[in-house]
Amino acid sequence: MDVWAAVDEERSALAEDLSGLRDEQWDQQSLCEQWKVRHVVAHLVVGTKMTASQMAAGVLRNGLRLDRYLANDALDAGAAAPEVLLDQFRHTIGSQQLPPLTKPACLLADVVCHSADIRRPLGLSRIVPKASLIGAADFLRSDFTSGTKKRIAGLHLSATDVAWSVGDGPEIEGPMDALVLAMAGRPSAIGELDGPGLPTLQVRVEPSRHADRH
């Protein structure tokens, strides 16, 4: 899979959805507890502009907490008007700039998950290509920074709509998009999954805080 092409496909699809929002919908609470829709969009924008020096300074300002820095940075940037945020986001399409210490698969997981953070509360939907969902899941399964590796430890996750599975232990099965969101710590996807391992995953997901991670 061409990861950058997949990233741009998801960015383009989200930009199309954002272009149809009313001003008040930009202030809709997203699936990220600290962020409204506008802040999620801002997060996706600032990630394409962040430099190593900016990250280092921001982390220092936020008590050496990367998650706190990312959360606050999006809150600040998200104060811009909706039309400004939309224009900024449109300009991310085609960008291949990576935030420090990341790789393209990280941005794919980021845009896949955060697009759902925006769409689900707004009642919007998108059928994300299965290859992109698998790419996001394969990144998340071994990602320490998002907490996914710990979240799914000792469990066997299996997709019901595509050939993909990971892990050993009590099984959890469901559609690929719901598995990706649950792996990333989104409680809203738990109801779409089933299996003997689900109670364990639910306990691990429910108290998570994911406003600033994947």
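One numbering rule holds for all chains: residues counted from 1, following each sequence as written. Local features in a predicted model are, by the rule used here, given only for residues with pLDDT of at least 70; side-chain atom pairs are given and counted only at 80 or more, and totals for whole chains, interfaces and linings are based on all residues. Note that the side-chain values use all heavy atoms of the structure and ignore hydrogens as well as water.

Next up on the list: the pairing of strand β3 (residues 171–174). Summary of the burial criterion: residues with accessible area below 20% of their type's maximum are buried, those above 50% are exposed, and those between are partly exposed, where the area comes from a 1.4 Å probe applied to protein chains only. A helix here means a DSSP run of H or I that spans at least four residues, while a strand means a run of E at least two residues long, and both kinds are numbered starting from the N terminus. Side chains Ile172 and Gly174 of β3 all project onto a buried face; the interleaved residues Glu171 and Glu173 project onto a face where none is buried. If DSSP finds at least two bridges between two strands, the strands pair. Across 4 bridges, the pairing between strand β1 (residues 156–159) and β3 is parallel. Note that in β3 the partner of histidine 156 across the bridge is glutamate 171.

This part covers the layout of surface pockets. Size it by volume and the second largest pocket reaches roughly 200 Å³. What lines the second largest pocket is Val112, Ser115, Ala116, Arg119, Arg120, Leu124, Ser125, Arg126, Val128, Leu133, Asp177 and Leu181. Listing elements by their share of the lining of the second largest pocket, those giving two or more residues are α6 (104–122) and α9 (176–183). No other element matches α6, which puts 5 residues into the lining of the second largest pocket. Across the lining of the second largest pocket, the residue classes break down as 6 nonpolar, 2 polar and 4 charged. In this analysis a 1.4 Å probe is tested at points of a 1 Å grid over the protein atoms alone, and where it fits but cannot get out there is a cavity; an open set with protein on both sides within 12 Å along at least five of seven lines is a pocket; lining residues have an atom within 4 Å of a point. Grid points are joined across faces, edges and corners, and a volume is the space filled by probe spheres set on the points. Three residue categories are used. Nonpolar comprises Ala, Val, Leu, Ile, Met, Phe, Trp, Tyr, Cys and Pro, charged comprises Asp, Glu, Lys and Arg, and polar comprises the others, including Gly.

This paragraph deals with the confidence of the model for the protein chain. Caution applies to low-pLDDT parts of the model: their predicted coordinates are not meant to be read in detail. A residue's pLDDT is the predictor's confidence in that residue, given on a scale from 0 to 100. Per-residue pLDDT for the protein chain averages 91, and the proportion of residues at 70 or more is 93%. By the convention used here, residues are in contact when the closest approach between their heavy atoms is within 4.5 Å. Across residues 209–214, confidence stays below pLDDT 50; counting only partners more than four residues off in sequence or on other chains, it has 36 contacts.

Further remarks concern empty space enclosed by the protein. Counted by the stated rule, this structure contains 1 cavity of 30 Å³ or more. What lines the largest cavity is simply Arg11, His43, Leu44, Gly47, Thr48, Phe89, Leu107, Asp110 and Val111. Only α2 (37–46) and α6 provide two or more residues apiece to the lining of the largest cavity. Among the elements that take part in the lining of the largest cavity, α6 stands out by supplying 3 residues, more than any other.

Where a protein is soluble and globular, its nonpolar side chains tend to be buried together. Throughout, nonpolar core names a set of buried Ala, Val, Leu, Ile, Met, Phe, Trp, Tyr and Cys residues whose side chains join them through atoms within 4.5 Å. Ranked by size, the top nonpolar core spans 38 residues in total, and within it Leu157, Trp164 and Val180 carry the most contacts. Within the residue set of this core, elements represented by two or more residues are α1 (3–19), α6, α7 (130–140), β1, α9 and α10 (198–205). For valine 180, the residues in contact, after removing those within four places along its chain, are Val112, Cys113, Leu133, Ala136, Ala137 and Leu140. Within the second largest apolar cluster, 20 residues are counted, among which are Cys32, Val41, Ala71 and Leu122.

Quick look at the state of the cysteines now. In this description, a disulfide is simply a cysteine sulfur pair whose atoms lie within 2.5 Å. For the structure shown, the criterion picks out 0 disulfides. Free of any disulfide, cysteine 32 has its nearest cysteine sulfur in cysteine 113, 9.3 Å distant. Accessibility expressed as a relative area gives 0% for cysteine 32, which makes it buried. Cysteine 106 carries a free sulfur, and the closest cysteine sulfur to it, the one in cysteine 113, is 10 Å from it.

In this section: the pairing of β1. Relative to strand β2 (residues 165–166), β1 is paired through 2 bridges, and the arrangement is antiparallel. Residue pairing in the sheet places leucine 157 in a bridge with valine 166 of β2. Between β1 and β2, which pair antiparallel and follow one another directly, the connecting turn spans 5 residues.

A few words now on the pattern of salt bridges. Salt bridges are defined by distance alone: a side-chain nitrogen of Lys or Arg within 4 Å of a carboxyl oxygen of Asp or Glu. Throughout the structure, instances matching the rule amount to 10 salt bridges. One salt bridge in this structure joins aspartate 17 and arginine 119, with 2.6 Å as the shortest N-O distance. Here aspartate 17 is found in helix α1, whereas its partner arginine 119 is found in helix α6, with 102 residues between them in sequence. For aspartate 17, a relative accessible area of 23% corresponds to the partly exposed category. Among the charged side chains, a salt-bridge network with shared partners connects Glu9, Glu10 and Arg126.

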